[in-house]
Amino acid sequence: MLYNKRTLRKVEDKKIMRKVMSQWVVVSLASFGLLAGVTAVQRVSADTTTQPAATTTSQTPSSSSSGSSVTSTSTSVSASTSASTSASTSTSTSASVSASTSASTSASTSASVSASTSTSLSASTSVSASASATATTSNSGSVASNSTTATSNSGSAASNSAATTGDSGSTTNNFGSTNVATASLGSTPVVNLGASDVVASSTSESETPAEQAAAQQGMEDAFQGKANASSSELGQAVNYYNAAYSGAQAALAAYNAATQGQGAGTQDYTYYGNTASKKNDDGTTHTTTNDTSGKPQQDGSTDDVNQGGADNPKEASASASTYETTLNNNLASQTNVSVKTSSSISIPTSQTTSIVNARTSYQSDTNLAASFDAGVAYAFGQLGQEDAESGKWQGIYSGSNGAAKDQYLASAANDTSNPYDQAYRGAVAAMNAYFDGSNNYKGNTAVAASSTGNTYYDQGYNDVVNQAKNGIAYVQNGNQFSAVLTGNASIGGGGNVASGINTIRLANDVDFKNVSNGENDQSTNANVGTFTIDGQNHMMDYHGMDYTINNVKDLYVQNFQTLYGANYYGPYRAVGGAAIHYGNLNYVGSELLSSGGNDAYFFGNVNVITPNNNSAIYNSPFQSNVPLEGGGNQENLEVNNFILQAGAHYFGTTSPVVGGNSIIVQGNFTVDTGAKMTIVPRGQGPENSQDGSAFGIMLMGNNASLNIKKDATVNIIPGH
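Residues numbered from 1 in each chain as written. Predicted model: local features only at pLDDT ≥ 70, side-chain atom pairs only at ≥ 80, totals over all residues. Heavy atoms only, no water.

Draft legend 1. Geometry of the packing of helix 1 (residues 209-223) against helix 2 (residues 237-259). The contact between helix 1 and helix 2 brings their axes to 7 Å, and the two run at 30°. Classified by the interaxial angle, the pair formed by helix 1 and helix 2 is roughly parallel. Both helix 1 and helix 2 take part in a crossing whose hand is right-handed. When helix 1 is examined against helix 2, the residues Ala-210, Glu-211, Ala-214, Ala-215, Gln-217, Gly-218, Met-219, Asp-221, Ala-222 and Phe-223 are found in contact with a partner set consisting of Ala-237, Tyr-240, Tyr-241, Ala-244, Tyr-245, Ala-248, Gln-249 and Leu-252. Considering only residue class, the contact of helix 1 with helix 2 consists of 13 nonpolar, three polar and two charged. (Axes fitted to C-alpha atoms, helices over the stretch in contact; angles between N-to-C directions. Helix = DSSP H or I, 4+ residues; strand = E, 2+ residues; numbered from the N terminus. Parallel < 35°, antiparallel > 145°, perpendicular 65-115°, else oblique. Left-handed = near helix turned anticlockwise from the far one by under 90°. Contact = heavy atoms within 4.5 Å. Nonpolar A, V, L, I, M, F, W, Y, C, P; charged D, E, K, R; others polar.)

Draft legend 2. Local environment of the packing of helix 2 against helix 5 (residues 366-390). Closest axis-to-axis distance for the helix 2/helix 5 pair is 7 Å, and the angle between their directions is 40°. Here helix 5 runs oblique to helix 2, going by the angle between their axes. The handedness of the crossing between helix 2 and helix 5 comes out as right-handed. Here Asn-239, Tyr-240, Ala-243, Ala-244, Ser-246, Gly-247, Ala-248, Ala-250, Ala-251, Leu-252 and Tyr-255 of helix 2 come into contact with helix 5, specifically with Asn-367, Leu-368, Ser-371, Phe-372, Gly-375, Val-376, Ala-379, Phe-380, Leu-383 and Asp-387. Grouping the constituent residues of the contact of helix 2 with helix 5 by class yields 14 nonpolar, six polar and one charged.

Draft legend 3. Representation of the packing of aromatic side chains within the structure. For the structure shown, the criterion picks out 25 aromatic pairs. A ring pair is formed by Tyr-408 and Tyr-424, whose centres lie 4.7 Å apart and whose planes are at 50°; its orientation type is tilted. Separated by 16 residues along the polypeptide, Tyr-408 in helix 6 (residues 407-411) and Tyr-424 in helix 7 (residues 419-433) bring together distant segments of the chain. Among the residues examined, Tyr-408 registers a relative accessible area of 5% and is labelled buried. On the numbers, 5.4 Å between centres and 80° between planes, the contact of Phe-602 with Tyr-650 is edge-to-face. With Phe-602 in strand 32 (residues 599-609) and Tyr-650 in strand 37 (residues 649-653), this residue pair connects regions lying 48 residues apart in the sequence. For the pair shown, Phe-602 and Tyr-650 are each scored as buried. An aromatic cluster of at least three residues, connected via ring pairs, comprises Phe-481, Phe-512, Tyr-542, Tyr-547 and Tyr-572. (Phe/Tyr/Trp six-rings, centres within 6.5 Å; stacked < 30°, edge-to-face > 60°. Buried < 20%, exposed > 50% of the residue type's maximum accessible area, 1.4 Å probe, protein only.)

Right, here's the structure in full:
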């Protein structure tokens with residue numbers, strides 16, 4: 001055994017055989033004395049001799065500098081006490097057993113059993129809990145112990161122990177336990193090591209790359225709503241995953257509680273839930289009834305397709321009328337708001353009580369507490385950039401006096417230490433950077449990434465930059481919308497979609513200000529297979545504009561709290577043969593789509609409302625008394641094939657002034673499984689009337705078919 005003869009004197013030496021883990025080792029017990037003092041230390045070293053496998057407690061990966069794979073297995077029962085004297089004499093005895101081997105591809109095994117006692121003439125005792133290594137990088141012949149990451153060269157040893165301080169006479173004794181764990185990187189409040197676990201925590205060592213990766217995965221999984229997957233991690237990485245996961249969950253819970261029902265969201269994507277009575281399989285009438293009052297059913301609420309309801313003419317008419325009136329009052333009105341807020345916006349922080357309380361489970365370990373905090377910050381940063389990009393707080397709200405404003409920026413101070421605030425501001429700044437002072441679009445690669453040094457500001461900014469490179473453009477007013485859709489910030493003309501763009505997202509309520517309400521039909525070339533116009537729960541007033549989108553196969557128009565339009569072709573058409581997909585939107589105007597060359601698909605909740613007034617006009621927050629083209633004689637839809645997708649809801653009414661057929665199809669009409677449709681045709685002299693009457697569904701093709709699938713519902717309720 002090697003030792004420094006200048007400072008140590010060998011007092012006693014003997015060799016014994018000891019079985020350590022799966023190996024028999026030759027143990028050399030030597031007692032040494034310091035030449036300059038009276039402290040005695042016992043050191044046990046061992047050479048390994050391989051024997052049949054024995055049970056091991058834990059496995060942690062380590063790496064070798066030669067690039068080989070190394071697996072380290074350790075079992076430990078450790079409690080050490082070192083005593084110091086302020087006066088004269090101190091004696092400390094400790095014993096440890098360790099063994100390691102190293103090769104180009106090697107397995108190192110270490111086991112320690114230590115217990116120490118101390119005798120001191122002083123009034124204080126220092127207690128040290130040693131920590132076993134979790135990651136070791138070695139060249140050859142090295143021994144690394146008690147460190148987070150130990151790097152050693154040939155013949156050298158590195159050690160680093162985490163210490164706690166106790167009162168005089170106190171000791172840490174873990175004997176008698178089935179499992180005793182020494183935590184090198186901080187212990188979690190709950191470690192699943194067995195029924196009799198004793199955990200010694202450490203707070204002085206930094207995380208390994210594996211533990212950092214686990215924490216990152218934990219916070220990402222929590223934010224994305226995924227189930228806890230800590231079981232896929234190894235060793236202490238489990239604890240880091242759980243801490244970060246808990247932090248992100250706590251932030252999300254606090255945010256959801258504080259903002260429930262607020263901002264631009266899905267609150268107005270309602271549906272009409274009434275269904276006709278149905279027969280059970282045995283032929284009896286289904287007796288369970290749903291809400292027959294016509295009260296709007298909220299998005300995501302329970303929708304039992306087997307429920308009966310108001311199916312006689314009087315009750316059905318009253319129920320449908322109630323639903324229609326509610327939508328007219330809420331949407332076809334100058335008081336409509338897309339951003340639902342109270343007088344102020346309250347965004348939680350890491351100091352919110354519920355988050356502080358959740359953190360207490362980890363506060364005894366600084367590293368795990370830091371992982372929890374990182375999870376909190378990550379979630380708030382993600383929420384900040386998402387809210388900015390979606391315009392959650394930007395639009396028309398109660399108190400904005402009909403103007404589209406950013407309520408958050410109008411009330412919140414610039415807080416450079418707040419992840420939500422900085423990510424929000426970074427994303428807004430990036431969206432603005434893509435347009436010049438005249439709202440001309442600079443191009444999807446025109447803006448460079450931000451590197452201000454503020455992590456969350458840069459995160460929000462660069463997320464917009466990265467999305468732009470992938471074809472997503474965020475717009476905040478009508479001129480910006482036109483600039484991206486047609487290449488010209490001046491509204492009213494056609495052109496080409498900005499190069500590289502496949503998606504336009506509204507981050508604000510948009511009005512085609514100063515554009516005529518008279519018919520104005522334009523076209524633009526998208527040059528992509530799928531083109532999407534996403535309202536992101538905002539409203540938009542098209543006035544008299546209609547755009548035909550060319551060079552596409554599929555056009556998606558989705559997530560509009562309200563679309564307003566006077567043009568009887570609707571806001572959008574597509575090149576002949578293309579399909580238009582509508583989802584989660586409310587339309588108020590003359591006609592949603594008049595294009596016999598397009599198939600129309602509907603998903604989510606869609607309401608098509610021709611204003612129920614005697615003047616054939618619509619009102620929006622941007623303008624009032626806008627005349628409907630056709631004077632109230634239009635259909636809701638004129639299309640090739642109509643498809644209401646599985647589980648979707650469609651409600652449509654026509655004008656009472658002249659009247660209109662609800663839906664005219666040249667091809668087939670399909671209501672898929674579990675979907676619900678309610679249409680209210682009106683009048684006796686509408687466009688395309690048959691025998692002077694208005695119809696709910698008109699099949700115009702010679703070979704057209706009507707397909708109502710299992711558990712689907714179609715209510716045709718003639719209006720007045």
